[in-house]
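# Descriptive analysis of the structure
One letter stands for each residue in the lines below.
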Amino acid sequence: MRPHMKSEQPPPVCLDDEMRLRVGFRLELRRVFTLIARLLDACDARIEDVVELQMFHVFGSGRLALDKAGQLATIAAVRDEFFAAPYRAAVELAVAELNPDGGLLEIKATAFAPLAMSG
């Protein structure tokens, strides 16, 4: 499944009155997966070439208006927009904090896309 990629800038992150992410979390996740797809494309690879995802989550942040279950459900829903079954290996780890300060999620994608043999 190829994600829909636009050349325009992503919408700004949406914060509520207490400076917590709301709708913006889902939009930001889509932006991250789209950037991963673009990076792979620049390397002559595809999102389908991803063999493993590692996701590092900060749960309980005052910046996010979702509990742990809501955050995981949102991540899974957006991930499923980009990856079809059979699903890649995935490692999800809870961490105390991320760099830069205030980060909520970090994603590492490992892809295997051997170059075509020339000859």
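As a reminder, the structure under discussion sits directly above these lines.
The model shown is predicted, which means the values in this text are computed figures rather than measured ones. Each chain carries its own residue numbering, running from 1 in the direction its sequence is written. pLDDT decides what is reported in this predicted model: residues at 70 or higher carry local features, side-chain atom pairs at 80 or more are listed and counted, and totals for whole chains, interfaces and linings draw on all residues regardless. Hydrogens are left out, water is left out, and the side-chain values use all remaining heavy atoms of the structure.

## Quick look at the sheet that holds strand β2 (residues 89-94)
- Note on pairing: two strands pair once DSSP finds at least 2 bridges between them. Secondary structure elements are taken from DSSP: a helix is a run of H or I of four residues or more, a strand is a run of E of two residues or more, and numbering for both begins at the N terminus. The three strands lie next to each other as β2-β1-β3, forming an open sheet whose pairing is mixed. The open sheet is flanked by β2 and β3 (105-111), the only strands paired with a single partner. Neighbour to neighbour, the strand axes of the sheet diverge by 10° on average, direction disregarded.
- Pairing of strand β1 (residues 50-57) with β3 involves seven bridges; the strand directions are antiparallel. Across the sheet, the residue bridging to F56 is E106, located in β3. Working convention: axes come from line fits to C-alpha atoms, limited for helices to the stretch in contact. Angles between N-to-C directions cover 0 to 180 degrees.

## As for the nonpolar core
- Only buried residues count toward a nonpolar core. Its members are Ala, Val, Leu, Ile, Met, Phe, Trp, Tyr and Cys residues joined through side-chain atoms within 4.5 Å. Exposure categories follow from relative accessible area, calculated using a 1.4 Å probe and restricted to protein chains: below 20% of the type maximum is buried, above 50% is exposed, and the middle band is partly exposed. F33, L53 and F83 are the most contacted members of the largest nonpolar core, which has 18 residues in total.
- Elements that contribute at least two residues to this core include exactly α1 (23-42), β1 and α2 (68-82).
- Per element, the largest residue contribution to this core is six residues, and it comes from α1.
- The contact partners of F33, leaving out residues within four places of it in the chain, are I47, L53, V78, R79, F82, F83 and I107. Whether two residues are in contact is decided by their heavy atoms: any pair within 4.5 Å suffices.

## Details of the side chain of Q71
- Turning to its location among the elements, Q71 is positioned in helix α2.
- Given a relative accessible area of 1%, Q71 falls into the buried group.
- Setting aside residues no more than four positions away along its own chain, Q71 makes contact with F25, H57, V58, F59, L64, L66 and L104.

## Some details on the pattern of salt bridges
- Each salt bridge in this description consists of a side-chain nitrogen of Lys or Arg and a carboxyl oxygen of Asp or Glu lying within 4 Å of one another. The full count for this structure, using the stated rule, is four salt bridges.
- One salt bridge connects R31 with E28, and the closest N-O pair in it is separated by 2.6 Å. Highlighted residues: R31 and E28, both in helix α1, separated by three residues, approximately one helical turn.
- Assessed through its relative accessible area of 25%, E28 is described here as partly exposed.
- With its nearest N and O atoms 3.1 Å apart, the salt bridge here joins R79 to E92. With R79 in helix α2 and E92 in strand β2, the pair connects residues that are 13 residues apart, well separated along the chain.
- For R79, a relative accessible area of 17% puts it in the buried group.
- E92 gets classed as partly exposed once you look at its relative accessible area, which sits at 36%.

Purely geometric stuff here, so don't read any function into it on its own.
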